Amino acid sequence: MITVIDLNADMGEGFGPWQMGDDIGLLDLVSSANIACGFHAGDPDVMARTMQAALACGVGLGAHPGFADLQGFGRREMHLSAQSLANLVAYQTGAAQAMARASGGRLRHLKLHGALANMAARDREMALTCYRAALTAVPELIIMAMAGTAQEEAVRTLGCAAALEIFADRAYLPDGGLMPRSEPDAVLHDPEKIADRVLQMLQEEAIIAVDGSRRPARIDTICLHGDTPSAVRAAEVLRARLETAGIAIEPFEGRPVS
């Protein structure tokens, strides 16, 4: 049974005067924040505010790079050359590192966003391109990778510090991938059901798919999407249930995947 876990949420996904999600509410509940880097969402002011608020709460800072797709919120697939993809990730990682330092903190981890993450979860070479670019920019980064996917294969190949992730509020396919958001019930909203499901996955150390099948998984961190209306309530219920079960919430310490 897992006794220590990290909770992470995607944040800083507003733009200018437009707010996306209750970042401040979530920062009291999570231990790691994945902060948009200005391509799929966010801007320098939003990044700075989010990082400063996260540091005030003792929450670890992460870069959350995505495709250059503000209108589509980074959820539309794009096909780039390997060099362009590497530049895209390195650019955003460097921006996040600079903003973290300017805010008085340091960048701890990287997690890919949206369509970029989903494509890298299917394509090991794409994941390797992204992660190598990020580690070239910031060698001490911990790579947050989706458990049971090509992202995990990539961090295993690299031998880098990693944190393997499951999703609290997304339905899983039998192959370990996420059910497309276009499908009914792909995004989960009921806080009690979310907490029940997460506890079961932690107890079994496995990803549970929509058909009931299990895929054994190392689980270091749990993601709650900050842009859903139920995010804060779901985080409150999940954190309370985890602590009642004797599971401590702490920022992950990255370690290689064997």
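Along each chain, numbering runs from 1 in the same order as the chain's sequence is written. Local features in this predicted model are restricted to residues of pLDDT 70 or higher, and side-chain atom pairs are both shown and tallied only at a pLDDT of 80 or more, whereas totals for entire chains, interfaces and linings draw on every residue. To obtain the side-chain values, all non-hydrogen atoms of the structure were used and water was disregarded.

**Some remarks on the packing of helix H7 (residues 191-204) against helix H8 (residues 231-244)**
Axis lines are fitted through C-alpha atoms, for helices just across the contact stretch, and the angle between N-to-C directions can take any value from 0 to 180 degrees. We count a stretch as a helix when DSSP gives it H or I for four or more residues in a row; a strand needs E for two or more, and each element gets its number in order from the N terminus. Between H7 and H8, whose axes approach to 9 Å, the crossing angle comes to 40°. Looking at the two axes, H7 sits oblique to H8. Seen from above, H7 lies across H8 with right-handed handedness. Each of Pro191, Glu192, Ile194, Ala195, Asp196, Val198, Leu199 and Leu202 in H7 lies in contact with H8, whose residues at this interface are Arg233, Ala234, Val237, Leu238, Arg241 and Leu242. Its residues placed into classes, the contact of H7 with H8 shows 10 nonpolar, no polar and four charged. An angle below 35 degrees is treated as roughly parallel, one above 145 as roughly antiparallel, one from 65 to 115 as roughly perpendicular, and anything else as oblique. In this scheme the handedness of a crossing depends on how the near helix is turned from the far one: anticlockwise by less than a right angle means left-handed, clockwise means right-handed. Two residues qualify as a contact provided that any one of their heavy atoms is within 4.5 Å of a heavy atom in the partner residue. Residue classes follow a fixed rule: Ala, Val, Leu, Ile, Met, Phe, Trp, Tyr, Cys and Pro count as nonpolar, while Asp, Glu, Lys and Arg count as charged, and any other residue, Gly among them, counts as polar.

**Points about the packing of helix H2 (residues 44-56) against helix H3 (residues 82-102)**
How two helices pack is summed up by the angle between their axes together with the distance between the axes. Contact pair H2 / H3: the axes reach a minimum separation of 9 Å and the direction vectors enclose 50°. Comparing their axes, H3 and H2 come out oblique. The crossing of H2 and H3 is right-handed. Only Ala95, Ala96, Met99 and Ala100 of H3 make contact with H2, whose side of the interface consists of Pro44, Met47, Ala48 and Met51. Residues of the contact of H2 with H3, tallied by class, amount to eight nonpolar, no polar and no charged.

**A word on the layout of surface pockets**
Cavities and pockets were defined on a 1 Å grid built over protein atoms only: a cavity is a set of grid points that admits a 1.4 Å probe from which the probe cannot escape, a pocket is an open set flanked by protein on both sides within 12 Å along at least five of seven lines, and lining residues are those with an atom within 4 Å of any such point. Grid points are joined across faces, edges and corners, and a volume is the space filled by probe spheres set on the points. Roughly 590 Å³ of internal volume is contained in the largest pocket. Along the wall of the largest pocket there are 33 residues; nearest its centre are Gly114, Ala117, Asn118, Arg170 and Leu178. Looking at the lining of the largest pocket, the elements that each hand over two or more residues are helix H4 (114-122), strand E5 (142-146) and strand E6 (162-167). Counted by class, the lining of the largest pocket contains 12 nonpolar, 10 polar and 11 charged residues. In this model, the second largest pocket occupies a volume close to 260 Å³.

**Examining the pairing of strand E1 (residues 4-11)**
Each regular strand carries side chains that alternate between the two faces of the sheet. Whether a residue is buried, partly exposed or exposed follows from its accessible area with a 1.4 Å probe, protein chains only, as a fraction of its type maximum: under 20%, in between, or over 50%, in that order. Counting buried residues in E1 gives seven out of eight residues, a clear majority hidden from the surface. Inspection of the sheet shows E1 paired to strand E10 (residues 248-249) by two bridges, in the parallel sense. In the sheet register, Val4 faces E10, and the bridge partner there is Ala248. DSSP-based pairing: two strands are paired if at least 2 bridges between them are found. Bridging between E1 and strand E9 (residues 221-224) involves four bridges; their strand directions are parallel. Considered in E9, the bridge of Asp6 is made with Thr221. Both E1 and strand E2 (residues 32-36) contribute to a ladder of four bridges, which runs parallel.

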